Amino acid sequence: MKKKVALHNLGCKVNAYEVEAMQQLLEQSGYEIVPFEPGADIYVINTCTVTNIADRKSRQMLHKAKKMNPDAIVVATGCYAQTDTGKLSTDDAVDLILGNNQKKNIAEAIEEYEAEHQKTARVIKINQTKEYEDLSIGYTAEHVRAYIKVQDGCNQFCTYCIIPYARGRVRSRRPESILKEVHALAERGYQEVVLTGIHLSSYGVDFEEENCNLLELIRMVHQVEGIRRIRLGSLEPGIVTEEFAREISAMPKVCPHFHLSLQSGCDETLKRMNRRYDSREYAKRCELLRKYYKNPALTTDVIVGFPMETEEDFQKSYDFVDQIHFYETHIFKYSRRQGTKAAAMDGQLTEAVKAERSDKMLELHERHSKEYESSVLGKTLEVLLEEEILVNGNAYYVGHSCEYIKTAVEKRDGIGINDIVSVRAEKFLENHLILGTL
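Just so we're clear, the structure is a prediction, and the values are computed from it rather than from any experiment.

About the criteria used
- Residues numbered from 1 in each chain as written.
- Predicted model: local features only at pLDDT ≥ 70, side-chain atom pairs only at ≥ 80, totals over all residues.
- Heavy atoms only, no water.
- Buried < 20%, exposed > 50% of the residue type's maximum accessible area, 1.4 Å probe, protein only.
- Helix = DSSP H or I, 4+ residues; strand = E, 2+ residues; numbered from the N terminus.
- Pairing = 2+ DSSP bridges.
- Right-handed = clockwise from strand over helix to strand, strands pointing away.
- Phe/Tyr/Trp six-rings, centres within 6.5 Å; stacked < 30°, edge-to-face > 60°.
- Lys NZ or Arg CZ within 6 Å of the ring centre and 35° of its normal.
- Core = buried A, V, L, I, M, F, W, Y, C linked by side-chain atoms within 4.5 Å.
- Contact = heavy atoms within 4.5 Å.
- Expected span 1.5 Å × (residues − 1).
- Polar contact = N/O pair within 3.5 Å; in protein donor to acceptor, adjacent residues only side chain to side chain.
- Salt bridge = Lys/Arg side-chain N within 4 Å of Asp/Glu carboxyl O.
- 1 Å grid on protein atoms, 1.4 Å probe; cavity = no way out; pocket = protein on both sides within 12 Å on 5 of 7 lines; lining within 4 Å.
- Points joined across faces, edges and corners; volume = space filled by probe spheres on them.
- Nonpolar A, V, L, I, M, F, W, Y, C, P; charged D, E, K, R; others polar.

> Hey, could you run me through the pairing of strand S9 (residues 192-197) in this one?
Along a regular strand, successive side chains alternate from one face of the sheet to the other. With respect to burial, S9 is a largely interior element, six of its six residues being buried. Burial along S9 is two-sided: the residues Glu192, Val194 and Thr196 and Val193, Leu195 and Gly197 are all buried. In the sheet, strand S7 (residues 145-152) pairs with S9 via six bridges, with the strands oriented parallel. Considered in S9, the bridge of Ile148 is made with Leu195. As judged from the four bridges shared by S9 and strand S10 (residues 229-232), these two strands associate in the parallel manner. Looking at the pairing, Val194 lines up with Arg231 of S10. Handedness of the β-α-β unit built from S9, helix H8 (residues 214-222) and S10 comes out right-handed.

This is the structure:
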């Protein structure tokens, strides 16, 4: 009888990709994949450590797994397993620990544990490896869009971030491995791919011989037959040079939807964060994208309540976000993460102050988001249909435009999920859901 494995992911899109890769490795080794519920023989939790709260959620999920079946093997893998191996080594809920760059060995590690029944930690010194862990997927849980991990690690060392310690230095996936996966996904009918990584803008900086950076990689993926859309994961503003903006704008498969990480619009705060750019430089990068694209969807991340952020600092950040006028702004209240420089800084702010500033930014985000969506009304959108929903008793196919605007199209014969259709954006069907007509 096949052993039953349940997997659960915590954290980012890279983590989600790695869970799917591990699942497919386990399937190839003869395991049966089951829902994350009582009854599994093995539970695999891909943990996150980006904040102290993420650490706590990781521990809670590991304990939940053991409670669901005390006789099951509980595997902790991922970033929390990498950074807090010592704590997990003394945790009775955990049987097997796999750090980062060890996920490709998951089937072998489980078999070894089953043979010896001895708690094991497979954790390397992640900061000392130059090896990219070449995981891959043949399909994805998302039926129409595939995320493809092309890079791991980060060399930036922002003062609030633990990720360089959890993921190690920048390591890039070989382009031939990426293209093999893209071709395989295209053959299975996927029309949209999202290139993602821990620090995507650094792709290729570690290659010693060949001259392959992110722009070159995009060019190669653009040539793959069957792929009709390419999205990019989070970018650092510095990668958006005149050449980069001009070249990607000449590739019609690249979606006009760009996530440029900001974190703060206040230069003093950016310095304390070690972000390596200022607001003026960031604004120039946005101007470049708007120079080469008519109405690109620009999105970003903003942290509020960073240590020593004064009311004046916050107002500068707020005004800058208002000035750039993002389509979407993802707002995070600063969360103190042990092991980072920011955690030891003076001027830690209260949760009440963080919440107040977050609420103000959220109101701004909501206004900007609605204004951007309104700007496309009456225009043509190319929509990739992803799922079927009911709104007020009527059936619609729902998907996203190239700009990643959620759009509904009335269900009818001749169209279906995974079709790309041209529609006229008519009106709001619901908040942040536009009705498109064929």
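Having seen the model, we can carry on.
> Any chance you could explain the packing of aromatic side chains here in plain terms?
Aromatic ring pairs are defined here through the distance separating the ring centres and the angle between the ring planes. In total, this model carries 11 aromatic pairs according to the counting rule given. A centroid spacing of 6.3 Å and a plane angle of 85 degrees characterise the contact between Tyr160 and Phe306, whose relative ring orientation is edge-to-face. With Tyr160 in the loop between S7 and helix H6 (163-167) and Phe306 in the loop between strand S12 (297-304) and helix H12 (311-324), this residue pair connects regions lying 146 residues apart in the sequence. Accessibility classification places Tyr160 together with Phe306 in one group, the buried group. Among the aromatic side chains, those forming a connected cluster through ring pairs are Tyr277, Tyr282, Phe320 and Phe326. Positioned above the aromatic ring of Phe207 is the side chain of Arg174, whose terminal nitrogen or guanidinium carbon lies 4.7 Å from the ring centre. The cationic tip of Lys370 hangs over the ring face of Phe428; the distance from NZ or CZ to the ring centre is 4.7 Å.

> I would appreciate a short explanation of the nonpolar core in the present structure.
Within soluble globular proteins, side chains that are nonpolar generally end up buried alongside one another. Ranked by internal contacts, the top residues of the largest apolar core, which has 55 residues, are Leu195, Leu214, Ile218, Leu232, Ile248 and Met361. Those residues in contact with Leu195 that lie beyond four places of it in its chain are Ile148, Val150, Leu200, Leu217, Ile218, Val221, Ile230, Arg231, Leu232 and Gly233.

> Help me understand helix H7 (residues 175-187) in this model?
Helix length check: H7, at 13 residues, gives a terminal C-alpha distance of 18 Å against a target of 18 Å (1.5 Å per residue), a fit within 8%. Buried within H7 are the following residues: Pro175, Ser177, Ile178, Leu179, Glu181, Val182, Leu185 and Ala186. Check the buried side of H7 and you find it contacts helix H1 (13-28), S7 and H8. Looking one or two residues past H7, Gly189 carries a phi angle of roughly 105 degrees, positive in sign.

> Would you mind going over the side chain of Asn418 with me for this structure?
Residue placement: Asn418 occurs in the loop between strand S16 (406-410) and strand S17 (420-430). Engagement of the side chain of Asn418 in a polar contact is seen with the backbone oxygen of Gly189, the distance being 2.9 Å. Non-local contacts of Asn418, meaning those with residues more than four positions away in its chain, are made with Val144, Gly189, Gln191, Leu384 and Leu385.

> How should unusual backbone geometry be read in this particular structure?
What is expected of a backbone is that most residues other than glycine have negative phi and most peptide bonds are trans. Although it is not a glycine, Gln263 sits at a positive phi angle of roughly 80 degrees. Its location among the elements puts Gln263 in the loop between strand S11 (257-259) and helix H10 (267-273).

> Can you walk me through the pattern of salt bridges in this structure?
Once the charged atoms of two side chains with opposite charge are near each other, the side chains can pair. One pass over the full model with this rule turns up 37 salt bridges. One salt bridge in this structure joins Glu131 and Lys104, with 3.6 Å as the shortest N-O distance. Highlighted residues: Glu131 in the loop between strand S6 (120-122) and S7 and Lys104 in the loop between strand S5 (96-98) and helix H5 (106-116), separated in sequence by 27 residues. Looking at Glu131, the relative accessible area reads 40%, which means it is partly exposed. Note on Lys104: relative accessible area 32%, which makes it partly exposed. One salt bridge in this structure joins Arg367 and Glu371, with 3.9 Å as the shortest N-O distance. Highlighted residues: Arg367 and Glu371, both in helix H13 (residues 351-375), separated by four residues, approximately one helical turn. In this structure Arg367 comes out as partly exposed when scored by relative accessible area, which is 38%. Classification of Glu371 as partly exposed rests on a relative accessible area of 37%. Taken together, the salt bridges that share partners define one network made up of Glu18, Lys103, Lys149, Asp152, Arg167 and Arg171.

> Which parts of the structure should I look at to understand the side chain of Asp152?
Mapped onto the elements of the fold, Asp152 is located in strand S7. In this structure Asp152 comes out as buried when scored by relative accessible area, which is 2%. Of the polar contacts made by the side chain of Asp152, one reaches the side chain of Arg167; its length is 3.2 Å. Residue contacts for Asp152: discarding those within four places in its chain leaves Glu18, Asn101, Tyr132, Arg167, Arg169, Val170, Arg171 and Ile198.

> For this particular structure, what's the right way to read the layout of surface pockets?
Leftover empty space is mapped by rolling, across the atoms, a probe with the size of a water molecule. Empty space within the second largest pocket amounts to approximately 260 Å³. Lining the second largest pocket are 15 residues, and of these Lys130, Arg174, Asp206, Phe207 and Glu208 lie nearest its centre. Looking at the lining of the second largest pocket, its residues break down into three nonpolar, four polar and eight charged.

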